[in-house]
Each structure stands twice: as structure tokens, then as C-alpha cells.
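Residue-level structural notes
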Amino acid sequence: AVTRHWQEGVPRCKTVTFLLVPEESTRLAQLRTGEADIIAVSREKVPEVKAAGFNVFSKLNDQVVAVYMQQQWDQVPVADKRVRQALNLALDKDAIMKFVFAGQGVPVPMYPIGSYGVAGGADATLQPYPYDPQKARQLLAEAGYPNGFETKIYAYVTGDLPEIPRLAEAVADYLGKVGVKAKITAIDRAALSTKRQAKTLSGDLLPWSTPNRSVAVHIATIINALHHSKSTFTSTALPELDQMIERALAATDVHEVEKLVGEMHRFLYHHAHNITIGEIHTNYATNKKVPAWNLGRSLYDI
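The structure reproduced in this document is the subject of the present report. These numbers come from a predicted model, not from an experiment. Each chain carries its own residue numbering, running from 1 in the direction its sequence is written. Local features in a predicted model are, by the rule used here, given only for residues with pLDDT of at least 70; side-chain atom pairs are given and counted only at 80 or more, and totals for whole chains, interfaces and linings are based on all residues. The side-chain values count all of the structure's non-hydrogen atoms but skip hydrogen atoms and water molecules.

Among the secondary structure elements, Gln 85 is positioned in helix α3 (residues 81–89). Note on contacts: a residue pair qualifies if any of its non-hydrogen atoms lie within 4.5 Å across the two residues. Aside from chain neighbours lying at most four places away, what touches Gln 85 is Tyr 129, Leu 139, His 270 and Ala 272. Secondary structure elements follow DSSP: runs of H or I no shorter than four residues count as helices, runs of E no shorter than two count as strands, and numbering proceeds from the N terminus.

And the structure:
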């Protein structure tokens, strides 16, 4: 630590040690023994950790959670907008928030833009896709899949979103009720990222999350990473969307960027380019050495 920081003054800690500990049970044990002062804690564990006498600090609505429909440019069911809309309508997002994420979050219209993204030009009039399995079955039939189809949904372990395996199970269960058979496939996250970069996930479903963003240029940047046809991690390849992204990244006026973010928000929503679940809180448990901690509201809060 520097002896005096220009913004904060004298640092409280001379050193900070980061430990990579994927298993939550191990992190909790480290907190109890004093090996760790701060740990990431899953949403369902918050009541238990508080009852044990530890502090829990939350960054509200911190992450936006979605399920990607990969490689929509291939000859796969999710290439059809009606299928993508059907998969959105097949999920009860409120129930998923309650039972998968312990009620710590709310559904939002379209990933990667959360409710706080309104400050960055997002369209505040958009509403989350409702739960309507009957309409979902109708759209699947119109798209040529009256008996549904088969696909994969990936489940993996990650520290920032430990609920992913349960989320995959819930999504697969809801999709099964409208005839879509999503086979839950366990995989290491690094291996999954490699497959994603190699474009070998044609039509598959991929749960993911991203930190919430409140500034238009940051929102445009993440949309570029997730949706521009030349991006390594894109799930779409659409000239119309590419043009909007490129205009937003090239714009020098913040109001123009916000206008384009709104256009992209509506485009992604109406074409249902992912299955948006909602935004959730991120929690950290601490021992008594950390009596107070303001985590801010979005990714770049200070």
C-alpha cells in the first residue's frame, strides 16, 4: 500500500491476499477459522451465515443472469425468432428468482442490461417476458417444432454464481414442460469457454452472468463482446445489430450512445436473442474485522 492515496487517504490495510477457493464449504470454514476475513457467499447461505454471527454485505442487483442460445446463425431451432421467444415464455422467472436465487433479485427484460441500465439509455418501458407456456407451445408449433426438439444446457461450478447447476436444472424442467428436451451437461468452465471460442456449441444453452452496468459506453462495450459477429464470444451474427454496435462504439456524444443503447435494447428484446432470467444480489460475508462496507451499486461504482 502507498503511504497516502490521493483519493482515500491512508489505506486501512498494508497488504491484501486473494485466495481462489471454488468450494463454498471451504470458504465458510476459512471464515470460521480466521484464515479468511472476507468470502463470497451464495444467496441461499446468507441466513445461515448471519445466524453464525458474521457480517453480510450485499451489492444489490449486481449481476444480470441469462441463458445464451449459442450460434444462432447455424441451422438450429434457436435460429428462429419464434423459438427464442418460446423459450423465454416457457420459464417462470419469478419462481426461478425465488427458489434458485433465494428471492435475492428480480426479473428484468433483456440481458446484459439490467434495471439500473436505464441510466445508460436502456428502454425503461420494456417488461420481462411473462410466463406463458401455452403461448410457448404455440410458437414452437408455428416454427415447425410441435413436438419440441432436443438440445443441451451446460452446468458448471463458478464462485460468482454457484447456483448455475440448479439454474440449469430449473430451466431444463420448465423447457421440458413445453416439449423441449434440454440435456443437462456438466462441464468445467475453462473447457466450456474453449468450446465457446471455437464455436462448437451450435444451438446449445449456456447459463452466464455479467456485472450490472450503468454507463452507456460500458453497456455498448459488453453488447459488442456478446453480439458482434466478429466477437470471440458472440451468440449472434446480424449485420443490422453489428451496425448499431459499431455506431455506438464510434460515437463521441454520450446522448448518441444512450440513444443507440436504447435501440439495441429493443432489438435484442424483440428478437429474443437470449433467455434473460433477471438481476441478482452479490453477497460477501466478513468477520468482525470488517465492521462496515459500502459495495456500491454497479460495476464501476467507487
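The discussion continues.
Looking now at the pairing of strand β6 (residues 205–211). When accessible area is computed with a 1.4 Å probe and restricted to protein chains, residues below 20% of their type maximum are described as buried, those above 50% as exposed, and intermediate ones as partly exposed. Counted residue by residue, β6 has six buried out of seven residues, so it is predominantly covered. A strand pair is defined by DSSP finding two or more bridges across the two strands. As paired strands, strand β2 (residues 55–69) and β6 are joined by seven bridges and run antiparallel to one another. Looking across to β6, one finds that Val 65 is bridged to Ser 209.

This part takes up the pattern of salt bridges. Within this document, salt bridges are pairs made up of a side-chain nitrogen of Lys or Arg and a carboxyl oxygen of Asp or Glu, the two lying within 4 Å of each other. Summed over the entire model, instances satisfying the criterion amount to nine salt bridges. Here Glu 48 makes a salt bridge to Lys 45, at a shortest N to O gap of 3.4 Å. As a salt-bridge pair, Asp 123 and Arg 266 come within 3.0 Å of each other at their nearest N and O atoms. Of this pair, Asp 123 sits in the loop between β3 (105–106) and α5 (133–142) while Arg 266 sits in helix α10 (residues 254–270), and the two are 143 residues apart along the sequence. According to the relative accessible area criterion, Asp 123 is buried, its value standing at 13%.

Next up on the list: the nonpolar core. If you look at the biggest cluster of nonpolar residues, it comprises 74 residues, and the most contacted ones within it are Leu 87, Ile 96, Phe 101, Leu 175, Met 264 and Ile 277. Of the residues forming this core, the biggest block, eight residues, is contributed by helix α6 (residues 164–176). Contacts of Leu 175, omitting those with residues within four sequence positions, involve Leu 87, Ala 90, Leu 91, Val 180, Ala 182 and Leu 205. One finds Val 41, Val 46, Val 49 and Ala 285 within the second-largest nonpolar core, a separate group that totals ten residues. Definition of nonpolar core: a set of buried residues of the types Ala, Val, Leu, Ile, Met, Phe, Trp, Tyr and Cys, connected through side-chain atoms within 4.5 Å.

End to end, α10 covers 24 Å across 17 residues, agreeing with the expected 24 Å (1.5 Å per residue, within 8%). For α10, the full list of buried residues reads Val 257, Leu 260, Val 261, Gly 262, Met 264, His 265, Phe 267, Leu 268 and Tyr 269. Packing partners of the buried residues in α10 comprise α8 (216–227) and α9 (239–250). Two to three positions downstream of the cap, the backbone nitrogen of His 255 sits 3.0 Å from a side-chain oxygen, assigning the N-cap of α10 to Asp 253. Two residues or fewer after α10 comes Ala 272, characterised by a positive phi angle close to 50°. Multiply 1.5 Å by the residue count of a helix minus one, and that product is the helix's expected span. Pairs of N or O atoms are called polar contacts if they sit within 3.5 Å, as long as, within protein, a hydrogen donor faces a hydrogen acceptor (for residues adjacent in sequence, only side-chain-to-side-chain pairs).

Further remarks concern the pairing of strand β5 (residues 181–186). Alignment of strand β4 (residues 150–155) against β5, held across six bridges, turns out to be parallel. Note on β5: the bridge partner recorded for Ile 153 is Ile 184. Classification remark: right-handed applies to a crossover when, strands pointing away from the viewer, the course from the first strand over the helix to the second runs clockwise. In terms of handedness, the path from β4 via α6 over to β5 forms a crossover that is right-handed.

Next up on the list: the environment of Gln 127. Topologically, Gln 127 is positioned in the loop between β3 and α5. Those residues within four positions of Gln 127 in sequence are excluded, and the remaining contacts are Pro 109 and Tyr 269.

Geometrically, the link from Tyr 111 to Pro 112 is a cis peptide bond, its omega value of 10° lying close to zero. Inspection of the secondary structure assignment puts Pro 112 in the loop between β3 and α5. Of note in the backbone geometry, Asn 61 takes a positive phi value of approximately 50° without being a glycine. If you trace the backbone, Asn 61 turns up in strand β2. With a relative accessible area of 13%, Asn 61 lands in the buried category. In this structure, Lys 199 is a non-glycine residue whose phi angle is positive, near 60°. Within the secondary structure layout, Lys 199 lies in the loop between α7 (189–197) and β6. Exposure remark for Lys 199: the relative accessible area of 29% places this residue in the partly exposed category.

In this scheme Phe, Tyr and Trp rings, the latter by its six-membered ring, pair at centre separations within 6.5 Å, and the angle between planes marks the pair as stacked below 30 degrees, edge-to-face above 60, and tilted otherwise. Tallied over the entire structure, the rule returns seven aromatic pairs. Where Tyr 129 meets Tyr 269, the ring centres are 4.9 Å apart and the plane angle is 40°; that geometry is what we call tilted. Placement of the pair is Tyr 129 in the loop between β3 and α5 and Tyr 269 in helix α10, with a sequence separation of 140 residues. We classify Tyr 129 as buried; its relative accessible area is 10%. For Tyr 269, a relative accessible area of 12% gives the class buried. Put simply, the rings of Phe 57, Tyr 284 and Trp 293 pair up and form one aromatic cluster. Looking at Arg 196, its charged tip hangs above the ring of Trp 208, at a distance of 4.7 Å from the centre. Cation placement over rings: the criterion is NZ of Lys or CZ of Arg within 6 Å of the ring centroid and within 35° of the ring normal.

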